[in-house]
Amino acid sequence: MRGNLGLFVSSANGKRLAAIVADRNSKQKHVWRAKVVLLTGERIGTAGIIRETGLSKAPVWRWQERYIETGVDGLLHDKSRPSRIPPLDDDKVAEVVRLTLEEPPPADATHWTVRDMAEASGVSLSSVQVVQ
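The present account deals with the structure reproduced in this document.

What counts as what
- Residues numbered from 1 in each chain as written.
- Predicted model: local features only at pLDDT ≥ 70, side-chain atom pairs only at ≥ 80, totals over all residues.
- Heavy atoms only, no water.
- Helix = DSSP H or I, 4+ residues; strand = E, 2+ residues; numbered from the N terminus.
- Rg over C-alpha atoms; globule rule 2.2 N^0.38 Å.
- Buried < 20%, exposed > 50% of the residue type's maximum accessible area, 1.4 Å probe, protein only.
- Contact = heavy atoms within 4.5 Å.
- Axes fitted to C-alpha atoms, helices over the stretch in contact; angles between N-to-C directions.
- Parallel < 35°, antiparallel > 145°, perpendicular 65-115°, else oblique.
- Left-handed = near helix turned anticlockwise from the far one by under 90°.
- Nonpolar A, V, L, I, M, F, W, Y, C, P; charged D, E, K, R; others polar.
- Polar contact = N/O pair within 3.5 Å; in protein donor to acceptor, adjacent residues only side chain to side chain.
- Core = buried A, V, L, I, M, F, W, Y, C linked by side-chain atoms within 4.5 Å.

1. Considering the overall build of the chain
- Tallying secondary structure elements over the chain gives 7 helices and 0 strands in all.
- Scanning the chain from its N terminus toward the C terminus, one meets helices and strands in the order α-α-α-α-α-α-α.
- Relative to the globule expectation of 14 Å for 132 residues, the C-alpha radius of gyration of the chain, 26 Å, shows a markedly less compact shape.
- Looking at the chain residue by residue over its 132 residues, the buried ones come to 29%.
- Counting contacts in the chain only where the partners sit at least 6 residues apart, residues at least 24 apart contribute 47% of the total.

Shown next, in the form of structure tokens:
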């Protein structure tokens, strides 16, 4: 039981959410989010919202909280997520750049290849390609 959320849907927000649900060109995820808030505003419980929308409990709670925090606009924008791969340290980027300005590796090379640079600097091939 979550208790009283304090979620109130004003008439202007209700009209806006109903328009999102009614618009055939709305993204499905926006329709689900709008339905969750509209049903919550009608004081339908979580179990009823789950039955009505087909969503599980976690997304229902997430969109209720997001509406409370940011209103209708918060339902229409996804939160950005950090990359799962951390960026290279500035020191490592500087090392790769410094190596490119030095003589190419021995073995009769005329320039650094991505593979040679990755091996010399200790980073992945794709990380070398990203460094500019």
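2. Describing the packing of helix α1 (residues 11-22) against helix α4 (residues 57-75)
- Direction vectors running N to C along α1 and α4 enclose 45°, while the axes themselves pass 11 Å from each other. One element, α1, and the other, α4, form an angle in the oblique class. Considering how the two elements wind past one another, α1 and α4 form a crossing that is left-handed. Where α1 approaches α4, its residues Asn13, Arg16, Leu17 and Ile20 are matched on the opposing element by Tyr67, Val72, Asp73 and Leu75.
- A breakdown of the residues in the contact of α1 with α4 according to their chemical character gives 5 nonpolar, 1 polar and 2 charged.

3. Some remarks on the environment of Ser10
- Here Ser10 is to be found in the segment before α1.
- On the basis of relative accessible area, Ser10 is assigned to the partly exposed category, the value being 25%.
- A C-alpha to C-alpha distance of 21 Å links Ser10 and Ser26, two positions 16 residues apart in sequence.
- A polar contact of 3.2 Å, which involves the side chain of Ser10, links it to the backbone nitrogen of Asn13.

4. Description of the nonpolar core
- In this structure, Val9, Leu17, Val36, Val37, Tyr67 and Leu75 are the most contacted members of the largest nonpolar core, which totals 15 residues.
- At the level of secondary structure, the elements contributing two or more residues to this core comprise α1, α2 (28-41) and α4.
- The greatest single-element share of this core, amounting to 5 residues, is contributed by α4.
- When residues no more than four places from it in sequence are discounted, the contact partners of Tyr67 are Leu7, Phe8, Val9, Ser10, Asn13, Leu17, Val37, Val72 and Leu75.

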